[in-house]
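# Architecture and fold: a report
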Amino acid sequence: MPAARSPQLLAGVPRGLACTVGVLAGAQVALALSPGRELAGGVVLLALALALQLAVAVLLVWRARRAGDDRSLWQRLAIATGLVSGGLATATALTAGHGAGAATTVPLAVAHLAAFPLVYGGMVLWNRDSTAVADPSDTLLGVAAVLAVVAVTDTVLGHVGGGLATASWWQVQPALAQTAAGLVLLGTAATVPFISGMSRDPRAWWLTAALAAQVVAGTAVATGHPQGWAAAAVGACCLCVAAVRRPTPVPRTTTDPSTTTIGAFVVLIASTVVLVVLALCDAGATAAWCGGIAATGAGIRLLLNVRDLAQLTQSRREALTDDLTGLANRRAVLRRVEELCVQGTPLVVGVLDLDKFKEVNDGLGHSAGDDLLRLVAQRLQHVLATGDSLGRLGGDEFALIAQVAPGTSPADRAAALDRDLQHWMAAPFEVGGLTVHVALSLGLTCHAGAPVPPAALLRQADAAMYDAKRSGSRVVHYEADRHGDSSGRLALVEELRAGVLGGELVLHHQPQVDVATGRTVGVEALVRWAHPTRGLLQPGEFLPLAEVHGLMGPLTNEVLAQAVAQAATWHRAGRELRVSVNLSASNLLDTGLPQRVADLLRAHALPPSALVLEVTETVLLSDPERSLAVVAALADLGTTVSIDDFGTGYASLTYLHQLPVAELKLDRSFTADLLTDARAAAIVASTVRLAHQLGLRVVAEGVEDPATLVHLRALECDESQGFLHSPPLPAAELEAWLAVRERLRAGVRA
Ligand code: C2E
Ligand code: CA
Ligand code: CA
């Protein structure tokens, strides 16, 4: 045995035991090959073999007790060696009692057969990435394989004849089965490591050598050649080397059922051939039985494999398809783009997004929204040529991957794609009992075939699509100069998604001052994003993203929750401030909003009159029916609805009169020009007058200087908001500002 301190060996190898194995093996080889091996009827040889086997068993027990993920293999081998030792002990006793004879081979064969499932299972498990539990169907296949080999050998022997053919059944069959088991183990040891990558571990080769020696030994001894015991000794040594060698770290590859399917097929074919041969000529019943059982076992194993394969296919499919539409999902789209990029195929990648899908979803319900997505997915298939792919990236966003035919340019293909999309999407869709026209925003990017990361192509098309959406164009082609920073923007969307839920939004409050008395009567809550690395971001930097990427709902929920909680805190402290919150277009299409507002107010015990909800006229007019229903429900709660940026849109005061609106916020543009532009002054004056006649309160925005405030007071404007009083402030700073202001006002009064 090699020195125990070699770097190839495990630490702490019991050297004495290893030497004992070596000495016993040497003695066994010498005796097996010496002319005196028949001494004492072979009892000495058997006893020596028993001693060697026991020493090997002890060494394997030592190995099995060491930690490591291959422990179960060594445990199984230790038990198997113990079983073989038992067989040897019986054979030794029989030989000592009755003299040498074929009878001694029977207990040996039985012991080897009993050990077979252990060794086989251990080998299979060793090569799998999971070493936890043995799969019973693996052993089933192993046993079937053994029976198939027995059947084949029986059939061959039946025809060829020879010494074994004439011996009695109980002498022949166990020996045959032992050899068959040895062959199956050898076959497994020689093939499975290649499937799993274990062949790079030299221990796999030592084990294979040990099993090969075992087959030679078993066959030789069974056929009356005691020299076979020399091979047995060599096999024992190989096994010990495998046990004491340091493992080579090999990443195990997951084996899929197709590998065992091949094994099951071989067994099935072999046993079928045997059965056919038996049917044609009259051979032994044993071969028939073995062949039949082997075929059944392999058949069951095949069935199990078919089930496993079906499950595997199913899970692979699920991982790559979109449940709703059955199209490829984002992962599959990326994979396809990658394939084509690797092949260097010129292609056009398009990302398209349905316009106003959220309105369908919110207005007609999610199931109608799902129906629409499915119908759109079906329609989109029409624009695909052979080799093109379509996928759904999520929400109402789809991706098209179109190959460019030889002889045409990517630009031609892009133009054709755009034309086809227009054609196929022109007709309306029937969903939820309604006829819905669907418009698309399309972003296209062309790829000439040079290497590029597939995700980059999708990002380019997405950036172009976003631009189309923002600019209201139907289609935009990607241009690096214009859309280049898209990766940063998309990353920002993902960060915003996490930030909204992760508490990164903060509110600043801008006071609203009663023009007549100078008292602070309310605040407008204005959102900011405390970005972890970019600092405090202003609403203009992230609200457009939130609106386009469907984050406005969660964002407004968060703003409302914070604003109502803050107002309630102030109310409890005796500061009865109103708080105004801005609503966006998508908020007004969300029919669940009024209920959520009601729940919030109740939870914080804030009177509804303390909450003002600001909406812009353009928002109200874009989808009057649905947004008006939401506005009415909000007003019914007792909250105040305010028209923000009034004067910039088209709403007329008489029209507003029909709405449950109680406040107008005069846009900053009028306030700014009040002192310099007579027309602006006239508009403000008449607006205030008319608003008062309709019972509305008027708040002037953007008041920056005292002269403007004086003028607003003359026009009887109700409230003023602007930098003259204070910029938007965090709650604590606003409280400090209020305290100073109250002291000043008290001083003025005194
Ligand atoms: P807005 O609703 O018109 O809000 C008033 C904006 O005018 C605020 O800008 C405020 O800082 C600014 N402002 C106030 N006084 C003056 C002044 O005297 N002079 C000038 N030049 N500006 C003044 P901010 O905070 O940047 O908000 C911008 C817009 O973002 C808001 O316009 C509003 O439309 C939107 N927004 C802010 N917070 C939210 C929110 O929580 N939800 C929604 N949907 N929109 C919000
Ligand atoms: Ca506002
Ligand atoms: Ca405003």
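Throughout what follows, the structure given in this document is the object of discussion. (Residues numbered from 1 in each chain as written. Chains lettered and ligands numbered in written order. Predicted model: local features only at pLDDT ≥ 70, side-chain atom pairs only at ≥ 80, totals over all residues. Heavy atoms only, no water.)

What follows deals with the pattern of salt bridges. Enumeration over the complete set of coordinates arrives at 18 salt bridges. For Glu-524, the salt bridge is made with Lys-665, and the minimal N-O distance between the two is 2.7 Å. Of this pair, Glu-524 sits in strand S9 (residues 520-531) while Lys-665 sits in strand S14 (residues 663-666), and the two are 141 residues apart along the sequence. One salt bridge connects Glu-663 with Arg-697, and the closest N-O pair in it is separated by 2.6 Å. Placement of Glu-663 in strand S14 and of Arg-697 in strand S15 (residues 697-700) is noted, with a sequence separation of 34 residues between them. Overlapping salt bridges bring together Glu-524, Glu-614, Lys-665 and Glu-701 as one network. (Salt bridge = Lys/Arg side-chain N within 4 Å of Asp/Glu carboxyl O. Helix = DSSP H or I, 4+ residues; strand = E, 2+ residues; numbered from the N terminus.)

This part covers the coordination of the calcium ion (ligand 3). In the first shell of the calcium ion (ligand 3), the protein supplies Asp-644 (OD), Asp-645 (OD), Glu-701 (OE) and Glu-701 (OE), at 2.2 to 2.5 Å from the metal. Considered as a linear motif, the donors of the calcium ion (ligand 3) on their single chain read D-D-x55-E. (Donors = N, O, S within 2.8 Å, 3.2 Å for Na, K, Ca; no water.)

For Ala-714, the position within the fold is in helix H27 (residues 706-714). On the accessibility criterion, Ala-714 (64% relative accessible area) is exposed. Sequence separation between Ala-714 and Ala-516 is 198 residues; the distance between their C-alpha atoms is 9.6 Å. (Buried < 20%, exposed > 50% of the residue type's maximum accessible area, 1.4 Å probe, protein only.)

Let us look at the site of ligand 1. The immediate surroundings of ligand 1 are formed by 22 residues, with Gln-510, Arg-528, Arg-668, Glu-704 and Phe-723 found nearest. One nitrogen or oxygen atom from the side chain of Arg-528 is found 2.8 Å from an oxygen atom belonging to ligand 1. Glu-701 places a polar side-chain atom, nitrogen or oxygen, 3.4 Å from an oxygen atom of ligand 1. When residues of the shell around ligand 1 are traced back to their parent elements, those giving at least two are S9, helix H19 (539-548), helix H20 (552-572) and strand S13 (640-646). A breakdown of the residues in the shell around ligand 1 according to their chemical character gives 10 nonpolar, five polar and seven charged. (Near = heavy atom within 4 Å. Polar contact = N/O pair within 3.5 Å; in protein donor to acceptor, adjacent residues only side chain to side chain. Nonpolar A, V, L, I, M, F, W, Y, C, P; charged D, E, K, R; others polar.)

A few words now on the coordination of the calcium ion (ligand 2). Protein coordination at the calcium ion (ligand 2): the donors are Glu-524 (OE), Asn-582 (OD1), Glu-614 (OE) and Asp-644 (OD), at 2.1 to 2.3 Å from the metal. Metal-to-metal, the separation of the calcium ion (ligand 2) and the calcium ion (ligand 3) is 3.8 Å; Asp-644 coordinates the two. Of this pair, Glu-524 sits in strand S9 while Asp-644 sits in strand S13, and the two are 120 residues apart along the sequence. A relative accessible area of 4% means that Glu-524 is categorised as buried.

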